[in-house]
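Overview (structure and organization)
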Amino acid sequence: MLKTIELGVQGMTCASCVGRVERGLRKVEGVSEASVNLATERATVTFDPSVTTPQALLNKVQDVGYEPVASTVDLSVQGMTCASCVGRVERALQKVDGVVGASVNLATERATVQYLPSSVSPGQLKSAIREAGYEVLEEQVGLSREDQEREAREREVTHLRRQVLFSAVFAVPLLLLAMVPMLVPGVEDWLMNTFGHGVMTTLNWVMLALAVPIQFGPGLRFYRLGWKSLKSRSPDMNALVMIGTSAAFFYSLVATLVPRIFPEGTAHVYYEASGVVITLILLGKYFEAVAKGRSSEAMKKLLSLQAKTARVVRGGHELELPTDEVLVGDLISVRPGEKIPVDGEVVQGASFVDESMITGEPVPVSKQAGAGVVGGTINGNGALTFRATRIGADTALAQIIKLVETAQGSKPPIQGLADKVVAIFVPVVLGIAALTFLLWLILGGQTALSFALITTVAVLIIACPCAMGLATPTSIMVGTGKAAELGVLFKGGGALEGLQDVQVVALDKTGTLTKGRPELTDLVAASGFDRITVLKLVAAAEEQSEHPIARAIVDAAKREGIAVVKPETFEAVPGYGLEARVEGHLVQVGADRYMAKLGLNVGLLASKSGQLGDEGKSPLYAAVDGQLAAVIAVADPIKAGTPEAVQALHRMGLQVAMITGDHARTANAIARQLGIDTVLAEVLPSGKSDAIKELQSGGRKVAFVGDGLNDAPALAQSDVGLAIGTGTDVAVETADVILMSGDLRGVPNAFALSRATLRNIRLNLFWAFAYNIVLIPVAAGALYPAFGMLLSPVLAAAAMGFSSVFVLTNALRLRGFRPPVKPDALPVRGVSPVHA
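All figures in this text were calculated on a predicted structure; none of them were measured in a lab.

Some thoughts on the overall build of the chain
- Within the chain one finds 29 helices and 30 strands.
- By the burial criterion, 53% of the 836 residues in the chain qualify as buried.

Details of the sheet that holds strand E20 (residues 519-525)
- Spatially, six strands are ordered E20-E25-E24-E23-E22-E21 in an open sheet, and the strand pairing comes out antiparallel. Looking at the sheet topology across the chains shown, the edges are occupied by E20 and strand E21 (569-573). Each adjacent strand pair in this sheet contributes to an overall mean axis angle of 20°, direction not counted.
- Sheet topology note: the strand E23 (residues 585-590)/strand E24 (residues 618-624) ladder contains four bridges and is antiparallel.

Examining the packing of helix H9 (residues 237-257) against helix H15 (residues 448-462)
- Interaxial distance between H9 and H15 falls to 8 Å at its minimum, and their mutual angle equals 155°. Accordingly, the angle class assigned to the pair H9 and H15 is roughly antiparallel. The hand of the H9/H15 crossing is left-handed. Contacts between H9 and H15 involve Leu240, Val241, Ile243, Gly244, Thr245, Ala247, Ala248 and Tyr251 on the former and, on the latter, Leu449, Ser450, Leu453, Val457, Leu460 and Ile461.
- Class assignment of the residues belonging to the contact of H9 with H15 gives a composition of eleven nonpolar, three polar and no charged.

Side note on the state of the cysteines
- Scanning the model with the defined rule gives zero disulfides in all.
- Cysteine 17 carries a free sulfur, and the closest cysteine sulfur to it, the one in cysteine 14, is 3.7 Å from it.

A word on the confidence of the model for the chain
- Overall, the predicted model of the chain reaches an average pLDDT of 81, with 87% of residues at or above 70.
- Taken together, the stretch residues 726-731 has pLDDT below 50 and engages in 15 contacts with residues farther than four places along the chain or on a different chain.
- Confidence over residues 825-836 falls short of pLDDT 50; this stretch has 38 contacts with residues more than four positions distant or in other chains.

Considerations on the nonpolar core
- Within the largest apolar cluster, 122 residues are counted, with the highest numbers of intra-cluster contacts made by Met80, Leu125, Phe490, Val505 and Phe751.
- The dominant element in this core, judged by the number of residues it contributes, is helix H27 (residues 746-779), at 15 residues.
- Core analysis: the next-biggest nonpolar cluster, separate from the first, contains 26 residues, Leu523, Ala540, Ala552 and Ile562 among them.

Quick notes on helix H25 (residues 688-696)
- Considered for burial, the residues of H25 that qualify are Lys688, Ser689, Ala691, Ile692, Leu695 and Gln696. Down the axis, H25 shows its buried residues gathered within 155° of arc, on one side only.
- Structurally, H25 contributes buried residues whose contacts are with strand E19 (504-508), strand E26 (655-659), strand E27 (678-680), strand E28 (702-706) and helix H26 (712-717).
- The first or second residue beyond H25 is glycine 698, which carries a positive phi of 85°.

Examining the sheet that holds strand E4 (residues 67-69)
- The four strands lie next to each other as E2-E3-E1-E4, forming an open sheet whose pairing is antiparallel. The sheet terminates laterally at strand E2 (31-37) and E4, the two strands that pair on one side only. Direction aside, neighbouring strands of the sheet carry axes that sit 30° apart on average.
- Looking at chain direction, strand E1 (residues 3-10) and strand E3 (residues 42-47) are connected through six bridges and run antiparallel.

Points about the packing of helix H23 (residues 642-651) against H27
- Contact pair H23 / H27: the axes reach a minimum separation of 8 Å and the direction vectors enclose 30°. The angle between H23 and H27 places the two elements in the roughly parallel class. Only Val747, Pro748 and Phe751 of H27 make contact with H23, whose side of the interface consists of Ala645, Ala648 and Leu649.
- For the contact of H23 with H27, the residue count by class is six nonpolar, no polar and no charged.

Section: the environment of alanine 178
- Relative to the helices and strands, alanine 178 resides in helix H5 (residues 145-183).
- Along the chain, alanine 178 and glutamate 272 lie 94 residues apart, while their C-alpha atoms are 6.6 Å from each other.
- Those residues in contact with alanine 178 that sit more than four places away from it in its chain are Met207 and Glu272.

Remarks on the packing of aromatic side chains
- Taken as a whole, this structure holds eleven aromatic pairs when the rule is applied.
- On the numbers, 5.2 Å between centres and 55° between planes, the contact of phenylalanine 166 with phenylalanine 170 is tilted. Pair noted here: phenylalanine 166 and phenylalanine 170 are both in helix H5, with a separation of four residues, about one helical turn.
- With a relative accessible area of 38%, phenylalanine 166 lands in the partly exposed category.
- When its relative accessible area of 21% is taken as the criterion, phenylalanine 170 is described as partly exposed.
- Here the aromatic residues Phe216, Tyr223, Phe249, Phe250 and Tyr271 are joined through ring pairs into a cluster of three or more.
- Across from the ring centre of phenylalanine 222, 5.9 Å away, lies the NZ or CZ of arginine 221, which sits over that ring.
- For lysine 597, the ring lying beneath its charged end belongs to tyrosine 576, and the centroid distance is 4.5 Å.

What to know about the side chain of threonine 46
- Mapped onto the elements, threonine 46 comes out in strand E3.
- A relative accessible area of 17% means that threonine 46 is categorised as buried.
- Here the side chain of threonine 46 touches threonine 4 through a polar contact of 3.0 Å, side chain to side chain.
- With sequence-adjacent residues up to four places away left out, threonine 46 is seen in contact with Leu2, Lys3, Thr4, Gly30, Val31, Ser32 and Glu33.

Topic: the pairing of strand E22 (residues 577-582)
- Two strands pair when backbone bridges link them, and E21 and E22 are joined in this way by five bridges, in the antiparallel orientation. Across the sheet, glutamate 571 pairs through a bridge with glutamate 579, a residue of E22.
- Between E21 and E22, which follow one another and run antiparallel, lie three residues, and glycine 575 among them has a positive phi close to 80°.
- The hairpin turn running from E22 into E23, its antiparallel successor, is two residues long, and glutamate 583 in that turn takes a positive phi close to 50°.

Details of the UniProt feature "transmembrane region" (unreviewed entry) in the chain
- Taking the numbering used here, the UniProt-annotated feature "transmembrane region" (unreviewed entry) corresponds to residues 164-183, 195-216, 237-262, 268-287, 421-443, 449-472, 765-784 and 790-812.
- From the first C-alpha to the last, residues 268-287 spans 33 Å; its make-up is 85% helix and 0% strand.

Side note on the pattern of salt bridges
- Scanning the entire structure with this criterion turns up 16 salt bridges.
- In this structure, glutamate 583 engages lysine 536 in a salt bridge whose closest nitrogen and oxygen atoms are separated by 3.8 Å. Of this pair, glutamate 583 sits in the loop between E22 and E23 while lysine 536 is found in helix H19 (residues 531-542), placing the two residues 47 residues apart along the sequence.
- On the basis of relative accessible area, glutamate 583 is assigned to the partly exposed category, the value being 43%.

Here's the deal with a nonpolar patch on the surface
- A surface patch of nonpolar side chains, amounting to about 690 Å² of accessible area, comprises Leu435, Leu438, Leu439, Leu441, Ile442, Leu443 and Leu449.
- Considering each element in turn, the nonpolar patch owes the most residues, six residues, to helix H14 (residues 415-443).
- Positionally, leucine 443 belongs in helix H14.
- By relative accessible area, leucine 443 is classed as exposed at 68%.

Quick notes on the environment of serine 697
- Relative to the helices and strands, serine 697 is located in the loop between H25 and E28.
- Owing to a relative accessible area of 45%, serine 697 belongs among the partly exposed residues under this scheme.
- A distance of 2.7 Å separates a polar side-chain atom of serine 697 from the backbone oxygen of glutamate 694.

Remarks on helix H1 (residues 15-26)
- Here H1 spans 17 Å end to end across twelve residues, near enough to the 16 Å set by a 1.5 Å rise per residue.
- What H1 keeps buried is the set Cys17, Val18, Gly19, Val21, Glu22, Gly24 and Leu25.
- Elements in contact with the buried residues of H1: E1, E2, E3 and helix H2 (54-63).

Calculation criteria
Residues numbered from 1 in each chain as written. Predicted model: local features only at pLDDT ≥ 70, side-chain atom pairs only at ≥ 80, totals over all residues. Heavy atoms only, no water. Helix = DSSP H or I, 4+ residues; strand = E, 2+ residues; numbered from the N terminus. Buried < 20%, exposed > 50% of the residue type's maximum accessible area, 1.4 Å probe, protein only. Pairing = 2+ DSSP bridges. Axes fitted to C-alpha atoms, helices over the stretch in contact; angles between N-to-C directions. Parallel < 35°, antiparallel > 145°, perpendicular 65-115°, else oblique. Left-handed = near helix turned anticlockwise from the far one by under 90°. Contact = heavy atoms within 4.5 Å. Nonpolar A, V, L, I, M, F, W, Y, C, P; charged D, E, K, R; others polar. Disulfide = S-S within 2.5 Å. pLDDT = per-residue confidence, 0-100. Core = buried A, V, L, I, M, F, W, Y, C linked by side-chain atoms within 4.5 Å. Arc of directions from axis to C-beta. Phe/Tyr/Trp six-rings, centres within 6.5 Å; stacked < 30°, edge-to-face > 60°. Lys NZ or Arg CZ within 6 Å of the ring centre and 35° of its normal. Polar contact = N/O pair within 3.5 Å; in protein donor to acceptor, adjacent residues only side chain to side chain. UniProt positions renumbered as here; feature names shortened; annotations may be inferred. Salt bridge = Lys/Arg side-chain N within 4 Å of Asp/Glu carboxyl O. Patch = residues over 30% accessible without salt bridge, like charges linked within 9 Å, V, L, I, M, F, W, Y side chains within 5 Å. Areas by Shrake-Rupley, 256 points an atom, 1.4 Å probe, with all protein chains shown as cover. Expected span 1.5 Å × (residues − 1).

Below is the structure:
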């Protein structure tokens, strides 16, 4: 069957553009017709959905040089209980014409849909979800989506608690009436002797009265959802529970009403199997809902960093407004100790602002007119007025939150295995249940019908795919949330999993391993000269220069409390250095060739100069009044924590490489200091991606760590790109992982957290699959021939609930993750374990 969809196409300017897009689309395999309208900027494409996809059509439009129009919407889906529900919602959305892709996350209860706005609307997507049997949380005025989802989750927890308590009131006496006579020797005989044989019929009626409120009260949720899943031919956990408990209840009802139709002594009732099973499943759902709420703690803390209101200055008056009503260009007043509501630029006042939540730097930053401020940071003891430059979703904090949300809702490749199994799981279970019933009916002898019923119900109840659906998303949700606490932002589950296979970590030098700005590291005065005097003269000589090395010398003098005066004369000597007259002294600064030109012998300081060069520093010489006065060393210093980070990566069994444009001697000196394994020096920015390819030779997986701006080609070429930057760099498109602070210790922490999360996911998946592989045969009666044991449906329900709670509890263990290398300050202060 052919499908026809409309694609929005931007960037076309003439008839040639139209022809180019049409020809490109017609070349896609499976496309039978493509027509493009320049006026409406739309392409109408007829294609075979079994051969190609809407995504392939979008890719082709992009390939021929134009921009396809596609939108993405996140919808909050209510009522999903297991992995089958996830598959059902995804299939319902993917069937809608104009949907490019749909991904549903059970842990976050969200559907992320990429669609073509020219072909379908969000309203149609919501209708498709509702037709599949689920609800969509509609946005309410005045409440954020996160607040609405939290309220909906709280309502669900409260509702489940009430249902559990209601069911328990009837289930406890029901269980006692059913089990005590069987478990306590002599009780059944005493009842018979005291009240006669009719007492058992009376007990059956009492148990029926206790079972009905459970079956058709709280149990109705399973009928409602289960029946919808059967009608849509995609049975889920609710269908299994509905069929299993109904079989037990209605069999017992017939045995109570017309016991004579059964052979003598076989009219047993199993009301406790239906009533207690429903109660235990609801109890498991309650624990699940509570645990889901706990798994999103990191996101709640991130959201709590956002200011709710802003003091906006309009018409000379201060107005207290919600932050979502702030406009770009508004003047905002911030008092001491208050949160800065949005990003902006200071226009008046002075203060110190605590920006550790973004940068990881513990020292508050001075803010004066012209300085930038970031929303969510804390103002110090001064008052500020600033102009809003970025609001809403454009602020640095909003981008961080969006990245975490995206990562929590994404599916890593490992999820593919679970999805394939779940797609066929419930139909297979129904088949196993039917086969179990038939085999026991044929081979069960006198008690065939009773045993067939017990084993069939046990199979249906125990084979719940809840644990499979929760295994991956809950671990991803908790793991990415924990990463945010540590200042590591994963853009998706694929990045989290991709770090597992990395063998080589390639590091950019400038700005990554080092601070990215030169500093004066050494000044060794020659015999007869005073160090402070030489530094004062050299700094004054360099004061007129804007060269980074000159700035480093001047800044060092100022840090030592030296007043830097202006030189009386200043002259640059091209290719050599500079010459200046300071306070009557002739000062000349430059490399060894400059000193040779001046006829000065640097041999007296040559050994020290060689030592500085071996340490990766750039040696210079200073002459005062025609005499060699000092050797000076300037270097881009290694960041605090860098040696610790490199050691940690080595302990993890990773090779560490450095890519730099520096001279090989300098690069090798730094590599020796840090213990770096491989050095690729004198690499131009345009050659960094080639350097990554060289490291990837032999099939090795390489992660590249750079600043995310001039390193973009290398970040794109690497198997996993990690960008180091502050909040302004947080949305670097080419990186897969973003380290919010400039602390390189975040890299081994990202690797360690990735490994911990994947171990957690594997354990969850192993449990979810092993649980079903082992217990379904037990529920079917595999142990009966050898041990005379059958699994009670009540125990099956308890085991089913335990499996989901186990998976969630195991995922929550990631909240206790301890980084192998602790940074000096944790970004996102409000989310740090110290403040949690």
